[in-house]
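Examining the three-dimensional arrangement
Residues per chain, in single letters:
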Amino acid sequence: MSQQEIHGDVSRVAVVTGASSGIGEAIARALAGAGFRLALGARRIDRLAQVAESIAETSGQRPFLHALDVTSPDSATAFVDAVRSAFPQIHVLVNNAGLARGMTHVADVSDESDWQVMLETNVMGLLRMTRLLLPNIRRSGDGHIINIGSTAGHEAYAGGSVYCGSKFAVRAITDALRQELLGEQVRVTTVDPGMVETEFSVVRFHGDVRRASEVYAGVQPLTAEDVADCVRFAATRPKHVNIDMVVLRPVAQASGGRVARRPVAAKEV
Ligand code: NDP
Ligand code: 8X3
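Quick summary incoming for the structure in this document. Since we're looking at a predicted model, the values are computed, not measured. Numbers given for residues are sequential positions, taken from 1 along each chain in its written order. Both sets of labels track the order of writing: A upward for chains, 1 upward for ligands. Only residues with pLDDT of 70 or above have their local features reported here, since the model is predicted, and side-chain atom pairs are shown and tallied only from 80 upward, although totals for entire chains, interfaces and linings are computed over all residues. Hydrogens and water molecules were not included; the side-chain quantities draw on all heavy atoms of the structure.

**Quick word on the overall build of the protein**
Just so we agree on the cut-off: A helix here means a DSSP run of H or I that spans at least four residues, while a strand means a run of E at least two residues long, and both kinds are numbered starting from the N terminus. Atoms considered for the radius of gyration are the C-alpha atoms alone. The globule rule reads 2.2 Å times the number of residues to the power 0.38. When a residue's accessible area, from a 1.4 Å probe over protein chains only, is under 20% of the maximum for its type it is buried; when over 50% it is exposed; and in between it is partly exposed. What makes two residues a contact is simply this: any of their non-hydrogen atoms within 4.5 Å.
Per the secondary structure count, the protein includes nine helices and nine strands. Relative to the globule expectation of 18 Å for 269 residues, the C-alpha radius of gyration of the protein, 18 Å, shows essentially globular dimensions. Classification of the 269 residues of the protein by burial places 48% in the buried group. At a minimum sequence separation of 6, the contacts of the protein that also span at least 24 residues come to 72%.

**Concerning the side chain of E155**
Note the threshold: As used in this structure description, the phrase polar contact means that two N or O atoms lie within 3.5 Å; if the pair is within protein, one of them must be able to donate a hydrogen and the other to accept it, and residues adjacent in sequence are counted only when both atoms belong to side chains.
As for its position among the elements, E155 is in the loop between β5 (143-148) and α6 (161-180). At a separation of 2.8 Å, a polar atom in the side chain of E155 contacts the side chain of R249. Ignoring anything within four residues of it in the chain, the contact list for E155 reads C164, F168, R249, S255 and G256.

**Re the packing of helix α4 (residues 73-86) against helix α5 (residues 113-139)**
Note the following rule: As a rule, the C-alpha atoms of each element are fitted with a line to give its axis, helices using only the stretch in contact, and angles between N-to-C directions run from 0 to 180 degrees. Note that the term roughly parallel is reserved for angles under 35 degrees, roughly antiparallel for angles over 145, roughly perpendicular for angles of 65 to 115, and oblique for everything else. In this scheme, a crossing is called left-handed if the near helix is turned counterclockwise away from the far one by less than a right angle; it is called right-handed if the turn is clockwise. Residues are sorted three ways: Asp, Glu, Lys and Arg are charged, Ala, Val, Leu, Ile, Met, Phe, Trp, Tyr, Cys and Pro are nonpolar, and all the rest, Gly among them, are polar.
For the pair α4 and α5, interaxial distance at closest approach is 10 Å and the crossing angle is 25°. It follows from the interaxial angle that α4 and α5 lie roughly parallel. The handedness of the crossing between α4 and α5 comes out as right-handed. The segment α4 lies against α5, with P73, A76, T77, F79, V80 and R84 engaging R128, M129, L132, L133 and N136. Within the contact of α4 with α5, the residues separate by chemical class into seven nonpolar, two polar and two charged.

**Comments concerning the site of ligand 2**
Keep this limit in mind: Think of it this way: one heavy atom of a residue within 4 Å of a molecule or strand is enough to make that residue near it.
The full set of residues close to ligand 2 is S150, A152, Y157, Y163, F200, R204 and Q253. Between ligand 2 and the protein, one listed contact pairs an oxygen atom with a side-chain N or O atom of S150 at 2.6 Å. One of the side-chain N or O atoms of Y157 is found 2.5 Å from an oxygen atom in ligand 2. When the residues that make up the shell around ligand 2 are grouped by side-chain class, the tally is four nonpolar, two polar and one charged.

**Here we look at the pattern of salt bridges**
The test is simple: We define a salt bridge as a contact between a side-chain nitrogen of Lys or Arg and a carboxyl oxygen of Asp or Glu at a distance within 4 Å.
Applying the stated criterion to the full structure yields 12 salt bridges. Ionic pairing is found between R44 and E199, a salt bridge with its closest N-O pair at 3.2 Å. Here E199 lies in the loop between β6 (186-193) and α7 (200-204) and R44 lies in the loop between β2 (37-42) and α3 (45-59), a separation of 155 residues in the sequence. Residue R44 is classed as partly exposed on the basis of its relative accessible area of 35%. Residue D229 pairs with R232 through a salt bridge whose shortest N-O separation is 2.5 Å. Of this pair, D229 and R232 both sit in helix α9 (residues 224-235), separated by three residues, roughly a single helical turn. Residue D229 is classed as partly exposed on the basis of its relative accessible area, which comes to 40%. When salt bridges that share partners are traced, they join R12, D142 and R187 into one network.

All we've got here are geometric facts, nothing functional implied.
This is how it looks when you write it as structure tokens:
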């Protein structure tokens, strides 16, 4: 069944936060391929423009893009105002913007700024975007909020207290929203991946590319496209079907800290 047959409308509009790289970029491509019109946001507007250009070439539609820092109420409001001006209706919000910073144990942290950035982005940013866009999503008659959580929101690991805490919060917020929106045509989903090779670990380790590459050494991680497939699946079910939660991880990862690695020569890292 095509997207058009399911929804009777090929022009559903999806907002994707953090679409300038990794999973968000892949979600934007996947949703464009499924017939959604797109509004994309991130801080790196140059990278966002490259993503939009490439989507325009492959899908024939040019996504709307606007700078967005989900940690800033002013930026989030300006973004939402711009999206509302561009589209009469907004159906889907994919809350993907997020990050980890550091893996320092709580006792050893001397500066709280990494904690603050993670909580401001992953928790406050997600709540803010949801609050601001919910009136439009409700009015669309076919609304859907899709949050990108993590397996870190199911099982904590040493050095992940705040990142894991932020993703446990995403799961709680998703569940609470589904309760709050009961009786309305708004679906609420969380997609929770394990290890995905993106810029995530480079950001986590403050630009240390070598340390980031060690995360994926000797293991085949998920790709951003693997995650985007799940988002597309959830977003293209018939209107009466709510996919509550999708948890996916590499075959070689049983939990955050338990990964089966093949031996790696030092030069491969
Ligand atoms: P990337 O670092 O590749 O992408 C992160 C995206 O979030 C970028 O587009 C970045 O854009 C955006 N972003 C970060 N901070 C902000 C902000 N303040 N405002 C707006 N956008 C922001 O990592 P991933 O693609 O891997 O991460 C995407 C999501 O997936 C995150 O929520 C992450 O927690 C989650 N996740 C990742 C996993 C992994 O192993 N990679 C596993 C499970 C979940 P810009 O810098 O341009 O603002
Ligand atoms: C990212 C996955 O295992 O690095 O959310 O926490 S993990």
